Amino acid sequence: MNYPFDLLYRVKKPASYIGDEYNLVKKDPEGKVKVVLAFPDTYEVGMSNLGFSIIYHIINSREDALAERIFAPWVDMEELLRRRKIPLLTLESGKSINEFDILAFSISYELNYSNILTILDLCGLPLLSSERDGLPLVIAGGQCASRPAPIIPFIDCFAVGDGEELINEIIDTFKEWRLNSKDKNELLIALSKISGIYVPGISKTVKKRFIRDLDKAPYPTKPLVPNTEIIHDRAVVEIMRGCTRGCRFCEAGFLYRPVRERSLDNIKRLSSEILRSTGYGEVGFLSLSASDYSNLEGLARYIKEELIPSYVSVSIPSLRIDTLSREFYEAIGEVKRGLTFAPEAGTQRLRDVINKNITEEDIFKTMEIVSKEGWEAIKLYFMIGLPTEQDEDILGIANLLNDIKSRYKKIDLNVSVSLFVPKPHTPFQWTRQITQEEAEEKIRLLKSKLNRKINISWHDPKVSLLEGILTRGDIDVSRAIITAWRKGVRFDAWTDKFSWDIWKESFRENNIDISSYLKEKNLSDPLPWDFVDTGISKEFLWNEYQLSLSGFKREDCRKVGCYNCGVCSG
Amino acid sequence: MVFARVEYRKFGPLAFISHLDLIRCWERIVRRADIGVSFTEGFHPRPKFSFSPPLPVGFEGERELLDIRLEKPRLDLKDRINRVAPYGIYVNNIFFVQNSDLGESIIGGLYNFQWLGDTDRTKLEEGLKNLGLKDWLYSSEQLTQVGIFHLKNSLSVLLLFEKGYPSPKKVVEIIESIGEVIWLKLSRIQLLER
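Source: prediction; values computed, not measured.

Q: I would appreciate a short explanation of the pattern of salt bridges in the present structure.
A: Two side chains bearing opposite charge may form a pair once their charged atoms approach each other closely. Residue and element names in this part refer to chain A. Taken as a whole and assessed by the stated rule, the structure comprises 66 salt bridges over all chains. Note that arginine 147 is salt-bridged to glutamate 251, the shortest N-O span being 1.8 Å. Placement of arginine 147 in the loop between β4 (137-141) and β5 (157-159) and of glutamate 251 in helix α8 (residues 251-255) is noted, with a sequence separation of 104 residues between them. For the pair shown, arginine 147 and glutamate 251 are each scored as buried. One salt-bridge network, held together by shared partners, links Asp162, Glu164, Glu238, Arg241, Arg260 and Arg262.

And the structure:
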């Protein structure tokens, strides 16, 4: 515990700042490359991030390096730190940033951008890279590094793609530089030579890195065990990385290609080691699409025969309901409370456009299983504002749900509706994002036609609007981020903290026309993320976009053969 | 049926975790310690536990109690648990009981509050009286730290877990209502058994 008792006593969630988790290793800093890993959201969110945990583990496994952690302090803590003039301190040694060599951000969500500034500022660092001399070197990885334009002025260099190998190469390069030089520019030049590293002002382009074999990649078998409940409070084993279903709206589906599976033996070994070292009573098997794991039956057997008898429960996110036998559901038991299903769109036509390969028949088959098993509730996900969407597609959502409800009266239907945000590096990167007014109109239409017994919730269209600007924004947007942050925005991903008024004002003050980021683009238009090569060719994405407009579906390339997206050959 | 009655300290960082966090923490400790506890039925099996009444967030506990239902008694419990406990929990003593009756047998606690600040003794006593309290012990001493004078205050109050007694947080509010304070330590130093 590194903050004074009196300070922690006065904040709402003091347990987020105490550190001292079980499995924590405090290392002697002498001679080591000293890294602070920063997550620009709360402790509870950051500690649930697998990438963050993997990088922490890799650095601390090295004898010549150490990693400590900081998270964005909640607003009450920030205020107290400022009032008492205490800088942000690491959870491990309680030191401030000037004792470290590298500050490494893990950025997976655009709505965390303002918190990056909070962290830099509370560390006592200038916000702009150009105003920081010497150390620490500020780097950033995570999903947002693949479209970094709006945060380029804040960060010295970006790591694009899987971090397992990259982080070691960064540390090696840093060590070598430190032996011979004190000139930060020389460090940046050396870093820019690493494949997967983008140094603004030095690199022209960058190619995404990916590891080829999950079984050979390092994985944390003694993860920290938080003292307070976090979002995903369980042991986690990643069973597969990437997805080839090819849903055209899905950012993760394109960014994390190619698909790499972990062998069942490796999954078993990791699970048992992690459970033993942490004492967790639950393990989550993580992937983008668990149903596509080749040895799902073997995994089911392992769960039934080894985990359940040793009083361990299991959760498997993104598991389709149709793929497994009754036995498996009985074994995991999870489903009764946490069953989810994502048709995404209300008509077959629109599902074909977005390449969500689910038919109405699949949906009713699912409901049949749900009903037969006696499960009480199901959560269904839909998006509005998809390309080519008409009123009849919105009505299609209502008709479908009403139909389900009238056939299965006893099952609670919880519907979550989000606004489609076109994402970079997907076939929809060129499409227009609907306006706030259009979104509100569509929600009104949907609600007016929906059976009152169906519970519906929707995301605030203004939040999606900001997300759309920050995800497809260019470097100009960075000025608005600074303005908005100075005016007080924090934790934009948290509905009770989000303030669209401040953002709107900040865009206006910086003469930024937000519609330019939300409108439709052409193939010839330069895109702010063009310099990032994810391995998937722009031609492939454009072709997918054109196919989508004519409603042409694609099957999973792992089943029907290669479409030459480019990632496997690259 | 046998229960291990665990006497432990909850201190330092773990003063700031909630009772629910504490339950999760102990669940993981006993799983790591691998001492053959009994689990509940169902899809989310939990060790069978019973805890002494919750501590408010921010309070340390000098002698907290926990009953763990075991499949069979064993003698190496204390070492096995302390070896895998996080910093902030330390087991002082374990003995075996036939019945788990912490709910009924624990009737109150002795709480200690330590702070820096120019607290007016008369006002403090008045505030405590208004809470309906009779038994307390208050002392203060002058501290000098780098030329700055501080008054270090210590108050011990007996609070029973029954109607008519305030929660320890109320006592904290009383102290803060008198003047600005810097908290040093809040703790339950003893549980009172029937």
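Read on for the rest.
Q: Help me out: how do you make sense of helix α9 (residues 264-278) of chain A in this one?
A: Along an α-helix, a turn takes 3.6 residues, which lines up residues three or four apart on a common side. The end-to-end C-alpha distance of α9(A), which contains 15 residues, comes to 21 Å, matching closely the 21 Å that a straight helix rising 1.5 Å per residue would cover. Listing the buried residues of α9(A) in full gives Leu264(A), Asn266(A), Ile267(A), Leu270(A), Ser271(A), Ile274(A), Leu275(A), Ser277(A) and Thr278(A). At its buried positions, α9(A) is contacted by β8 (235-238), β11 (282-286) and α10 (296-307) of chain A together with α1 (19-33) of chain B. Gly279(A) sits one or two residues past α9(A) and shows a positive phi near 80 degrees.

Q: Sorry if this is basic, but what is going on with the environment of Ser195(A) here?
A: Residues and elements named next belong to chain A. Within the secondary structure, serine 195 sits in the loop between α7 (184-192) and β6 (197-198). Here serine 195 falls in the partly exposed class, since its relative accessible area comes to 42%. As for serine 195 and tyrosine 302, which are separated by 107 residues in sequence, their C-alpha atoms are 39 Å apart. Once residues within four sequence positions are removed from consideration, serine 195 is found in contact with Leu166, Lys207 and Arg209.

Q: Please clarify how the packing of helix α18 (residues 477-486) of chain A against helix α19 (residues 500-509) of chain A should be interpreted in this entry.
A: Helix packing for two helices is described by the angle between their axes and how far apart those axes are. Residues and elements named next belong to chain A. At a minimum axis distance of 8 Å, the contact between α18 and α19 shows a crossing angle of 130 degrees. Taken together, the axes of α18 and α19 lie oblique to each other. Considering how the two elements wind past one another, α18 and α19 form a crossing that is right-handed. Every residue of α19 that contacts α18 at Val477, Ala480, Ile481, Thr483 and Ala484 is listed here: Ile502, Trp503, Ser506, Phe507 and Glu509.

Q: Where do I start with the sheet that holds strand β2 (residues 65-71) of chain A in this structure?
A: Residue and element names in this part refer to chain A. Read across the open sheet, the six strands follow the order β2-β1-β3-β4-β5-β6; overall the sheet is mixed. Lying at the two open borders of the sheet, with one neighbouring strand each, are β2 and β6. Direction of pairing for strand β1 (residues 33-39) relative to strand β3 (residues 102-106): parallel, over a ladder of four bridges. Bridge pairing in β3 links alanine 38 to phenylalanine 105. Sitting on the sheet, helix α3 (residues 50-61) touches β1, β2 and β3, and the angle it makes with β2 is about 150 degrees.

Q: Would you mind going over the packing of aromatic side chains with me for this structure?
A: To describe a pair of aromatic rings, you give the distance between the ring centres and the angle between the ring planes. Inspection of every chain in the model, using the stated rule, returns 27 aromatic pairs over all chains. Relative to Phe52(A), the ring of Phe39(A) lies with its centre 5.6 Å away and its plane at 85 degrees, an arrangement referred to as edge-to-face. Here Phe52(A) lies in helix α3 and Phe39(A) lies in strand β1, a separation of 13 residues in the sequence. On the basis of relative accessibility, which here comes to 1%, the residue Phe39(A) falls in the buried class. Measuring from centroid to centroid gives 6.1 Å for Phe59(B) and Tyr111(B), while their planes differ by 80 degrees, and the two rings are edge-to-face. Of this pair, Phe59(B) sits in the loop between β2 (49-51) and β3 (60-70) while Tyr111(B) sits in strand β5 (residues 106-116), and the two are 52 residues apart along the sequence. A residue is classified by how much of its surface remains accessible, and Phe59(B), at 0% relative accessible area, is buried. Take Tyr111(B): its relative accessible area is 1%, and that puts it in the buried class.

Q: Whenever I open this one, the layout of surface pockets confuses me. Can you help?
A: Its volume calculated, the second largest pocket comes out at about 500 Å³. Among the residues making up the lining of the second largest pocket, the classes are represented as ten nonpolar, four polar and six charged.

Reading the values: rules and limits
- Residues numbered from 1 in each chain as written.
- Chains lettered and ligands numbered in written order.
- Predicted model: local features only at pLDDT ≥ 70, side-chain atom pairs only at ≥ 80, totals over all residues.
- Heavy atoms only, no water.
- Salt bridge = Lys/Arg side-chain N within 4 Å of Asp/Glu carboxyl O.
- Helix = DSSP H or I, 4+ residues; strand = E, 2+ residues; numbered from the N terminus.
- Buried < 20%, exposed > 50% of the residue type's maximum accessible area, 1.4 Å probe, protein only.
- Expected span 1.5 Å × (residues − 1).
- Contact = heavy atoms within 4.5 Å.
- Axes fitted to C-alpha atoms, helices over the stretch in contact; angles between N-to-C directions.
- Parallel < 35°, antiparallel > 145°, perpendicular 65-115°, else oblique.
- Left-handed = near helix turned anticlockwise from the far one by under 90°.
- Pairing = 2+ DSSP bridges.
- Phe/Tyr/Trp six-rings, centres within 6.5 Å; stacked < 30°, edge-to-face > 60°.
- 1 Å grid on protein atoms, 1.4 Å probe; cavity = no way out; pocket = protein on both sides within 12 Å on 5 of 7 lines; lining within 4 Å.
- Points joined across faces, edges and corners; volume = space filled by probe spheres on them.
- Nonpolar A, V, L, I, M, F, W, Y, C, P; charged D, E, K, R; others polar.

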